[in-house]
Amino acid sequence: KFLLVGVCLCAALCYGSASGTKTVFFPEEGYDLSMYEPLNKVIMTSFGGKLQDSEICFAHGKKGFVDGMAAYRSNPERCTAGLVLLGAAPGKSQDLQGLEAPLLVLAGDLDGILRFSSFAAAKHKFGSTKRRFAIIQGASHHSFASGDKPLALDLRPDIGHSKAHSTIAAVVNDFVFSSDK
């Protein structure tokens, strides 16, 4: 699917704001692009106009990660504020080859799709001040999107979408605006 929103052409869902900030979502397999609108609204509200003329990319799941990295490699000027992996983790060095943008990897502790051992191994292998990792307690794989259509193998979250989204926004905000990136 290709959407044209403003001047953003991508195989993802692109949002823009008056401050020039763009968020780009690369969805998980089987997820509808509209399932990321509630999370995007919470994230953009949390930025409050502080992030100017930048693009932050969000990649959900394995498919989102592959699509997001392909888009970044085709245009390294993308994701200037960072790449956020939601329920996905790099497994080998080639997965991140060429990535200069800051990286944040988020996982839910009740994610039935991303194995916690894969997340832990990625943190050990790739963790640095420019590549950060965080767990959202009570969140499942589906907590990174919205709607009532979780993947078959996902676990039931302990927190609702609004709590998950506000927690995700707080972690992303801290990541984007931290001074030690």
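Refer to the structure above for everything that follows.
Residues numbered from 1 in each chain as written. Predicted model: local features only at pLDDT ≥ 70, side-chain atom pairs only at ≥ 80, totals over all residues. Heavy atoms only, no water.

### Topic: the environment of Pro90
This is how it is decided: Numbering of helices and strands runs from the N terminus, with a helix taken as a DSSP run of H or I at least four residues long and a strand as a DSSP run of E at least two residues long.
In this structure, Pro90 sits in the loop between β6 (82-86) and β7 (103-108). C-alpha of Pro90 to C-alpha of Phe65: the two residues are 25 residues apart in sequence and 8.5 Å apart in space.

### Quick notes on helix α3 (residues 116-126)
Quick note on the threshold: Any residue under 20% of the maximum accessible area for its type is buried, any over 50% is exposed, and the rest in between are partly exposed; the area is computed with a 1.4 Å probe on protein chains only. The reported arc concerns the directions from the helix axis to the C-beta atoms and nothing else. Here, residues are in contact when the closest pair of their heavy atoms is within 4.5 Å.
For α3, the set of buried residues is Phe119, Ala122 and Phe126. Each buried residue of α3 lies within a common arc of 65° when the element is viewed along its axis, so the set occupies one face. Opposite the packed face of α3, turned more than 90 degrees from it, sit the exposed residues Phe116 and His124. In the core, the buried residues of α3 are packed alongside β7 and β8 (131-136).

### Describing unusual backbone geometry
Of note in the backbone geometry, Cys79 takes a positive phi value of approximately 55° without being a glycine. Tracing the chain through its elements places Cys79 in the loop between α2 (61-74) and β6.

### Focus on the nonpolar core
The condition is simple: Throughout, nonpolar core names a set of buried Ala, Val, Leu, Ile, Met, Phe, Trp, Tyr and Cys residues whose side chains join them through atoms within 4.5 Å.
The biggest cluster of nonpolar side chains holds 28 residues, and the ones touching the most others in it are Phe47, Ile56, Phe58, Val84, Leu106, Val172 and Val176. Listing elements by their share of this core, those giving two or more residues are α1 (37-47), β5 (55-60), β6, β7, β8 and α4 (161-177). Looking at this core element by element, the count peaks at 6 residues for α4. Dropping the residues within four chain positions of it, Val172 is found in contact with Phe47, Ile56, Phe58, Val84, Leu104 and Leu106. Listed in part, the 24 residues of the second largest apolar core include Phe26, Met69, Cys79 and Ala101.

### Focus on the pattern of salt bridges
Counted only if it meets this: The term salt bridge refers to a side-chain nitrogen of Lys or Arg lying within 4 Å of a carboxyl oxygen of Asp or Glu.
Tallied over the entire structure, the rule returns 3 salt bridges. Between Lys92 and Asp95 there is a salt bridge, with its nearest N and O atoms 3.9 Å apart.

### Thoughts on the pairing of β8
So the rule is basically this: DSSP bridges decide pairing: two strands pair if at least two such bridges lie between them. We call a crossover right-handed when, viewed with both strands directed away from the observer, the connection leading from the first strand over the helix to the second proceeds clockwise.
When β7 meets β8, the two strands line up parallel, connected through 6 bridges. Bridging across to β8, Leu104 finds its partner in Arg132. Considered for its hand, the β-α-β crossover made up of β7, α3 and β8 is right-handed.

### Section: the packing of aromatic side chains
Working definition: an aromatic ring pair is given by the centre-to-centre distance plus the angle between the planes. For the record, the criterion: For this analysis, a ring pair means two rings from Phe, Tyr or Trp (six-membered ring only for Trp) whose centres lie within 6.5 Å, classed as stacked if their planes differ by under 30 degrees, edge-to-face if by over 60, and tilted for the remaining angles.
Per the stated rule, a full pass over the model turns up 6 aromatic pairs. Between Phe47 and Phe177, the ring centres sit 5.8 Å apart and the planes meet at 85°, which makes this aromatic pair edge-to-face. Of the two residues, Phe47 sits in helix α1 while Phe177 sits in helix α4, which places them 130 residues apart along the sequence. Residue classification places Phe47 among the buried positions, given a relative accessible area of 2%. Their ring planes at 35° and their centres at 5.9 Å tell us that Phe116 and Phe119 sit as a pair that is tilted. With a gap of 3 residues between them, Phe116 and Phe119 both fall in helix α3, about one helical turn apart. Members of the aromatic cluster, joined through ring pairs, are Phe25, Tyr31, Tyr36 and Phe58.

No statement about biological role is implied by the geometric values presented.
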